[in-house]
Amino acid sequence: MEKHILLLGLLLAEGICAEDFITDFEYGQMLYRDPRGASCAACHGETGSGKLIGEYPDKTGRIVTLYGPDIRHATLKQIRDSVTKGAGVMPRYFLTEQEIKTIHAYLQKLNSHEKTGSITRLFERKK
Ligand code: HEC
């Protein structure tokens, strides 16, 4: 009997730790900022709203402006495609399907405040 209680205790503790250690949102943020390669944020901005990457002269001397597009509402497929194949100056990454899904969910949640009107809710811990 005592053994069972101990085992139950261990299982519970493990469950709680797995949930509390880091939320999916925080994990997504971590991957977005540091996806084992160039940070998505460096080119798409902290929230995915897009960013000026740089300007350079083309062959004819005309100034070309390079932007990382707005990906706040990119679909899972768009993210998967660009991350696995690369897109223009965007490098390709070696992320697992789960990591890609986590980044997608992160961007969705981060930018859902446009509808809910509050960003602080996002940082609430999952119960
Ligand atoms: C070096 C800059 C750079 C980095 C780093 C980068 N991207 Fe991009 N990304 C771009 C550019 C530029 C495009 C547009 C490419 C084109 O259409 O030619 C793009 C396109 C995309 C698109 C497609 C958008 C659309 O409208 O179809 C998605 C989604 C995307 N990136 C997600 C990511 C994610 C997620 C990461 C991190 C894992 C990342 N990018 C890292 C520059 C970058």
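The following paragraphs examine the structure supplied in this document. (Residues numbered from 1 in each chain as written. Predicted model: local features only at pLDDT ≥ 70, side-chain atom pairs only at ≥ 80, totals over all residues.)

**A few points about the environment of Arg 80**
As a reminder, the rule being used: Here a helix means four or more residues in a row that DSSP labels H or I, a strand means two or more in a row labelled E, and each is numbered from the N terminus.
By the element assignment, Arg 80 lies in helix 4 (residues 76-85). Considered as a pair, Arg 80 and His 104 are 24 residues apart in the sequence and their alpha carbons are 8.9 Å apart.

**What about the nonpolar core?**
It is characteristic of soluble globular proteins that their nonpolar side chains tend to be buried jointly. For clarity, the cut-off: We define a nonpolar core as a collection of buried residues of the types Ala, Val, Leu, Ile, Met, Phe, Trp, Tyr and Cys that are connected via C-beta atoms lying within 7 Å of each other. Any residue with 12 or fewer other C-beta atoms within 10 Å of its own C-beta is exposed, any with 20 or more is buried, and the rest are partly exposed; the C-beta atoms used are placed from the backbone. By definition, residue pairs are in contact when their C-beta atoms, positioned from the backbone, come within 7 Å.
Within the largest apolar cluster, 11 residues are counted, these being Leu 31, Tyr 32, Cys 40, Cys 43, Ile 71, Val 83, Ile 100, Ile 103, Tyr 106, Leu 107 and Leu 110. Within the residue set of this core, elements represented by two or more residues are helix 2 (24-33), helix 3 (40-44) and helix 5 (97-110). Broken down by element, the residue count for this core peaks at 5 residues, all from helix 5. Filtering out sequence-adjacent residues up to four positions away, Tyr 32 remains in contact with Cys 40, Ala 41, Ile 103 and Tyr 106.

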